[in-house]
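# Report on the structure
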Amino acid sequence: MPEQHALFDPVLRDLSDRSRDEVLAAFSAVQYSANPVAEVQLPGLRDVTLRRQVQKMLTLIGRVLVKVDGTHWTAGYADDVAATLTAQGWQPLSAVDRAVLVLVLVHSVAIPRSEGILTGDSWKSARPTTVDELRTTKISGEERRLALQRLRAAGLIQLSGDHSGGPSYIPGPQLQRLTPAARRRLQDQLILAAAPASPIAEAIRARTGITEDEGAA
């Protein structure tokens, strides 16, 4: 339990018993809940002072609070920690899993956003990716099926609510753990790959200095 770990003692030692319990409850919720947690549900998130203590605990393990939709919270890797892990070659997903995840994100998020159908920077999408859109010549049906299972288990994708045309997929809740900067970088790259000639892709290149050749790489 977090309260028994010496790492967190400097953050918790001066809090009252009640405040400590509220901070611990909020820390556990944002760290371990599958979905973002409503701020209204936990005093440790509602109260700015207590929320600051939650952030201090997360900082000690390389993570940060991430606000979602203005009213919910979750926790994700700090940008500098994520950059270090990436530079060291850390990659928990196989090449097949990454390819299937990118296909889902391109069809359900990047293309609708490039067409102006999806706005803002949320991962919520009303356009699910169908199985037909996931079919490629390089990924066999069995590899695709297993990848979809693994990605669902990891919370990176989820089934859409509409099964009338067969199973279809939308981004999962774990993507909400990305910080605003990480989310923006990934969404930019997806749009550049999915619709390099679109006006929004041109705007991304102008903002970031990425050339068209770099965006297509």
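Residues numbered from 1 in each chain as written. Predicted model: local features only at pLDDT ≥ 70, side-chain atom pairs only at ≥ 80, totals over all residues. Heavy atoms only, no water.

Per an unreviewed UniProt entry, the chain goes by DprA winged helix domain-containing protein and derives from Kribbella italica.

### A word on unusual backbone geometry
Positive phi is not limited to glycine here, since Asp69 has a value of about 60°. Residue placement: Asp69 occurs in the loop between β2 (63-68) and β3 (72-77). Looking at Asp69, the relative accessible area reads 47%, which means it is partly exposed. (Helix = DSSP H or I, 4+ residues; strand = E, 2+ residues; numbered from the N terminus. Buried < 20%, exposed > 50% of the residue type's maximum accessible area, 1.4 Å probe, protein only.)

### Points about the environment of Glu39
Structurally, the position occupied by Glu39 is in the loop between β1 (37-38) and α3 (43-46). In this view, Glu39 contacts Leu45, Arg46, Arg51, Lys67, Thr71, His72 and Trp73; residues no more than four positions away in its chain are not counted. (Contact = heavy atoms within 4.5 Å.)

### Remarks on the packing of helix α6 (residues 95-114) against helix α9 (residues 180-194)
For the pair α6 and α9, interaxial distance at closest approach is 9 Å and the crossing angle is 85°. By the criterion of interaxial angle, the relationship of α6 to α9 is roughly perpendicular. Contacts between α6 and α9 involve Val102, Leu105, Val106, Ala110, Ile111, Arg113 and Ser114 from the first element and Leu186, Gln187, Leu190, Ile191 and Ala194 from the second. Of the residues belonging to the contact of α6 with α9, the class tally is 9 nonpolar, 2 polar and 1 charged. (Axes fitted to C-alpha atoms, helices over the stretch in contact; angles between N-to-C directions. Parallel < 35°, antiparallel > 145°, perpendicular 65-115°, else oblique. Nonpolar A, V, L, I, M, F, W, Y, C, P; charged D, E, K, R; others polar.)

### Some thoughts on the side chain of Arg51
Summarising the element assignment, Arg51 is placed in helix α4 (residues 48-59). Since its relative accessible area comes to 16%, Arg51 is described here as buried. Apart from residues no more than four positions distant in its own chain, Arg51 is found in contact with Glu39, Gly44, Leu45, Arg46, Leu65 and Trp73.

### Describing the sheet that holds strand β5 (residues 157-159)
Taken together, the 3 strands give an open sheet; going across it, the order is β4-β6-β5, and neighbouring strands pair in antiparallel fashion. Both outer strands of the open sheet, β4 (129-130) and β5, are each paired with one neighbouring strand and no more. Direction of pairing for β4 relative to strand β6 (residues 168-171): antiparallel, over a ladder of 2 bridges. Of the residues in β6, the one forming a bridge with Thr130 is Ser168. Contacts between helix α8 (residues 141-153) and the sheet are confined to β5 and β6, with β5 contributing the most and set at about 100° to the helix. (Pairing = 2+ DSSP bridges.)

### Some details on the pattern of salt bridges
All told, the structure shown has 7 salt bridges when counted by the stated rule. Where Arg18 meets Glu22, a salt bridge forms, and the shortest distance between an N and an O atom there is 3.3 Å. Note that Arg18 and Glu22 are positioned in helix α2 (residues 17-32) at a spacing of 4 residues, about one turn of the helix. A relative accessible area of 64% places Arg18 in the exposed class. You can call Glu22 buried: its relative accessible area is 17%. When the shortest N-O distance is used, the salt bridge between Arg150 and Asp97 registers 2.8 Å. Remark: Asp97 occurs in helix α6 and Arg150 occurs in helix α8; sequence separation between them is 53 residues. Arg150 sits in the partly exposed class, given a relative accessible area of 40%. Asp97 gets classed as buried once you look at its relative accessible area, which sits at 5%. (Salt bridge = Lys/Arg side-chain N within 4 Å of Asp/Glu carboxyl O.)

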